[in-house]
Amino acid sequence: MIRLIVALDSKGGIAKNGMLPWRLPTDQQYFKEQTMRFGGVILMGRITFDTIGHPLPGRQNYVLSHDTFQAEGITAVHDVHEFMKTQPEVWAIGGAKVYAETLPYADELYLTHIDRDYQCDLFFPEVPAEKFAMVSKSLPQHHGDTTFVYEILKRV
């Protein structure tokens, strides 16, 4: 099962200047809980790894890179197609290029919709409405003056 997990603003933005422009502790906890399920295999891009600065604890960390990237605690992946054939359970956690490359393989999408425009410069790819259906949606959550909801979409 291939799952993508992402928080996005009202315009589909996921990052600004290479960083998350929001801080939502509840969503960070949700991300951790979800990505530790089903074996905790995560795939991220090189820039996302560099932004985080370390492997995420309790999970098998794979980093998509098109060069000879190496770092302690991670396994480099050079071909998404080959990787997807070898991993029965994967969480794609970003960034924009990884989402674009893994969306065609995705079985489920875990989306945190933030009700605010953060003027992002990186965006989640458009989800084909005919290929995914919403199976759950949370009640609105709040952190300060920020409202967000969790949605889970499944491939139809």
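Residues numbered from 1 in each chain as written. Predicted model: local features only at pLDDT ≥ 70, side-chain atom pairs only at ≥ 80, totals over all residues. Heavy atoms only, no water.

## Focus: the overall build of the chain
The number of helices and strands found in the chain is four helices and 11 strands. Rg of the C-alpha trace for the chain: 15 Å, near the compact-globule value of 15 Å for 156 residues, within the 12% margin. Summarising its shape, the C-alpha atoms of the chain cover approximately 40 × 35 × 25 Å along the three principal directions. Restricting to contacts in the chain with at least 6 residues of sequence separation, those with at least 24 account for 62%. Surface exposure of the chain reaches about 8300 Å², of which carbon and sulfur atoms provide 54%. Taking the average place of the 15 positive charges on the side chains of the chain and the average place of its 19 negative ones, the gap between the two points comes to 2 Å. (Helix = DSSP H or I, 4+ residues; strand = E, 2+ residues; numbered from the N terminus. Rg over C-alpha atoms; globule rule 2.2 N^0.38 Å. Contact = heavy atoms within 4.5 Å. Areas by Shrake-Rupley, 256 points an atom, 1.4 Å probe, with all protein chains shown as cover. Lys, Arg positive; Asp, Glu negative; His and termini not counted. Charge placed at Lys NZ, Arg CZ, Asp CG, Glu CD.)

## Considering the pairing of strand β7 (residues 108–114)
Within β7, six of the seven residues are buried, which leaves the element mostly enclosed by the surrounding structure. Direction of pairing for β7 relative to strand β11 (residues 146–155): antiparallel, over a ladder of seven bridges. Each bridged residue has a counterpart across the sheet, and for His113 the counterpart in β11 is Val149. (Buried < 20%, exposed > 50% of the residue type's maximum accessible area, 1.4 Å probe, protein only. Pairing = 2+ DSSP bridges.)

## Observations concerning the nonpolar core
With 26 residues, the main nonpolar core has Leu4, Ile14, Leu43, Phe83 and Leu109 as its most contacted residues. Elements represented by at least two residues in this core include exactly β1 (2–8), β2 (13–15), β3 (41–45), β4 (60–64), α3 (80–86), β6 (90–92), α4 (96–102) and β7. Looking at this core, the element that brings in the most residues is β1, giving four residues. With 21 residues, the next largest nonpolar core counts Ala7, Leu56, Phe69 and Trp91 among its residues. (Core = buried A, V, L, I, M, F, W, Y, C linked by side-chain atoms within 4.5 Å.)

## Brief notes about helix α1 (residues 25–35)
Listed in full, the buried residues belonging to α1 are Asp27, Tyr30, Gln34 and Thr35. Mapping the buried residues of α1 onto a view down its axis gives an arc of 115°, with all of them on the same face. Of the surrounding elements, those touching the buried residues of α1 are β1, β3, β6, β7 and β11. (Arc of directions from axis to C-beta.)

## Brief notes about the environment of His142
Inspection of the secondary structure puts His142 in strand β10 (residues 141–143). A relative accessible area of 55% means that His142 is categorised as exposed. Setting aside chain neighbours within four positions, we find His142 in contact with Thr147 and Phe148. Here Thr147 takes part through its side chain, which lies 3.1 Å from a polar atom of the side chain of His142. (Polar contact = N/O pair within 3.5 Å; in protein donor to acceptor, adjacent residues only side chain to side chain.)

## As for the side chain of Thr35
Here Thr35 lies in helix α1. A polar contact is formed between the side chain of Thr35 and the backbone oxygen of Phe31, at a distance of 2.9 Å. In this view, Thr35 contacts Ile5, Gly40, Ile42, Arg59, Trp91 and Ile93; residues no more than four positions away in its chain are not counted.

Note that all results are geometric; they support no functional claim without further evidence.
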